[in-house]
Amino acid sequence: MSKALTEVSSTAWYDSPLYYDIVYQDYTRPETKFLEAIARKHGPVRIGPLRILEPACGSGRLMESLGRRGHVVHGFDMNPHMLRYAKARLAKAKIKGVTKHGRLESFRCPTGAPYDLAHCLVSTFKYILTERGARRHLQLVAQSLRPGGLYVIGLHLTDYTQSEPDHEQWIRQRQGVRVQSDTWSGIPNRLKRTEACRTRMYVREGRKQWKEETHWDFRTYSPTELRKFLKSVPKFKLIACHDFHYEMQRKRNIDNRYGDIVLVLRRNA
Ligand SMILES: C[S@@+](CC[C@H](N)C(=O)[O-])C[C@H]1O[C@@H](n2cnc3c(N)ncnc32)[C@H](O)[C@@H]1O
């Protein structure tokens, strides 16, 4: 089939929230259940719904899913298309969530603070390209959490011995829209601490089909770099590590065994 390239930019797939949302739809349920299980096991003792903050909330898929389960959901993002989409879906589901514009490195502590739980999954944290920005982000999240509150971060670890670009593919459909998403992570640059990433999305909607391509840099974190970074933010203590299977019984350490890691950080009193 002929697929004309319509757009190449640093935000193309976030400017089309529906397609992003379709690609990630299967993760939403396991992530939601995992976040609740983490809060039950490690979070501050609390009766009633959790107050949850999602930095870089994107299309609001997790805000909706957690909001439907009765939790108070607040989120921010820098992409206006994502924010509009998230706001509209919360309104449609009659969830009184709050969505705001904000950047990971410099957001203002939301008026809904303090939160019991914050989360930033699927490598979103790696959009913060500097050490200073990443540290500032953790400080701002710590200020937004109650003492004992949790921050759950999911990211792909970097292997500097990688000699080929890494490729992942998702093909998902929803209500007549088919999206194929191919993502490549380039060979990491140890000196610059960046990896060049690229996602190409093929979209078919009725008789129309096209492709969009997004190029961006992620900050790299080897296990050693991640351990060192976490030590530099004394406001948080690492209390558990899991992986993208989102299973409570599957635990791991910060090591080279495989790429995906989910960190559970607890804000000190
Ligand atoms: C992979 S999506 C994750 C969205 C959502 N958290 C989820 O799990 O579906 C990454 C999101 O981060 C946002 N983003 C990227 N860099 C950002 C920054 N520096 N500050 C705020 N948002 C950012 C993008 O607009 C996008 O919505």
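The shown structure was predicted, so the numbers you read here are calculated from the model rather than taken from an experiment.

Rules of the game
Residues numbered from 1 in each chain as written. Predicted model: local features only at pLDDT ≥ 70, side-chain atom pairs only at ≥ 80, totals over all residues. Heavy atoms only, no water. Buried < 20%, exposed > 50% of the residue type's maximum accessible area, 1.4 Å probe, protein only. Helix = DSSP H or I, 4+ residues; strand = E, 2+ residues; numbered from the N terminus. Pairing = 2+ DSSP bridges. Near = heavy atom within 4 Å. Polar contact = N/O pair within 3.5 Å; in protein donor to acceptor, adjacent residues only side chain to side chain. Areas by Shrake-Rupley, 256 points an atom, 1.4 Å probe, with all protein chains shown as cover. Axes fitted to C-alpha atoms, helices over the stretch in contact; angles between N-to-C directions. Parallel < 35°, antiparallel > 145°, perpendicular 65-115°, else oblique. Contact = heavy atoms within 4.5 Å. Nonpolar A, V, L, I, M, F, W, Y, C, P; charged D, E, K, R; others polar. Phe/Tyr/Trp six-rings, centres within 6.5 Å; stacked < 30°, edge-to-face > 60°. Lys NZ or Arg CZ within 6 Å of the ring centre and 35° of its normal.

**Student:** It is not clear to me how the pairing of strand 12 (residues 260-267) should be interpreted in this structure. Could you clarify?
**Tutor:** Counting buried positions along strand 12 gives six out of eight residues, so the element sits mostly inside the fold. Bridge count for strand 11 (residues 236-242) against strand 12 is six bridges, and the pairing is antiparallel. When the bridges of strand 12 are listed, Cys241 appears paired with Leu263.

**Student:** Which parts of the structure should I look at to understand the site of the ligand?
**Tutor:** Lining the immediate environment of the ligand, one finds 19 residues, of which Tyr20, Glu54, Ala56, Arg61 and Asp77 sit closest. Between Tyr20 and the ligand, the recorded distance is 2.6 Å, taken from a side-chain N or O atom to an oxygen atom. Coverage of the ligand by the protein amounts to 97% of the 600 Å² it exposes when considered alone.

**Student:** Please clarify how the packing of helix 1 (residues 17-42) against helix 3 (residues 80-92) should be interpreted in this entry.
**Tutor:** The geometry of a pair of packed helices is captured by two quantities: the angle between their axes and the separation between those axes. Where helix 1 contacts helix 3, the two axes come as close as 9 Å, and the packing angle between them is 70°. In this view, helix 1 runs roughly perpendicular relative to helix 3, as classed from their interaxial angle. For the pair helix 1 and helix 3, the contacting residues are Pro17, Leu18, Tyr20 and Asp21 in the first and His81, Met82, Tyr85 and Arg89 in the second. For the contact of helix 1 with helix 3, the per-class residue count stands at five nonpolar, one polar and two charged.

**Student:** Can you walk me through the packing of aromatic side chains in this structure?
**Tutor:** Each pair of aromatic rings is reported with the distance of its centres and the angle of its planes. Under the definition given, this model contains 20 aromatic pairs. With 6.2 Å between their ring centres and 50° between their planes, Trp13 and Tyr24 make a pair best called tilted. Residue Trp13 is found in the loop between strand 1 (5-9) and helix 1, and its partner Tyr24 is found in helix 1; the two are separated by 11 residues along the sequence. Trp13 gets classed as buried once you look at its relative accessible area, which sits at 4%. With a centroid separation of 5.5 Å and an interplanar angle of 80°, the aromatic rings of Trp216 and Phe218 are classed as edge-to-face. For the pair shown, Trp216 and Phe218 are each scored as buried. Members of the aromatic cluster, connected to one another through ring pairs, are Trp13, Tyr14, Tyr20, Tyr24, Tyr27, Tyr127, Trp170, Trp216 and Phe218. The lysine or arginine in question, Arg193, covers the ring of Tyr221, its NZ or CZ lying 5.2 Å from the ring centre. Sitting over the face of the ring of Tyr258, Arg252 holds its NZ or CZ atom 4.4 Å from the ring centroid.

**Student:** Any chance you could explain unusual backbone geometry here in plain terms?
**Tutor:** In most cases, non-glycine residues show a negative phi, while peptide bonds are predominantly trans. Even without a glycine there, the phi angle at Ala56 is positive, about 60°. If you trace the backbone, Ala56 turns up in the loop between strand 2 (51-55) and helix 2 (61-68).

**Student:** Help me understand the side chain of Thr158, please; the structure alone is not making it clear to me.
**Tutor:** By secondary structure assignment, the location of Thr158 is in the loop between strand 6 (145-156) and strand 7 (166-174). With relative accessibility at 4%, the residue Thr158 sits in the buried group. Ignoring anything within four residues of it in the chain, the contact list for Thr158 reads Lys126, Pro188, Glu195, Thr220, Tyr221, Ser222 and Pro223.

In short, the description is geometric, and any link to function would need to be established separately.
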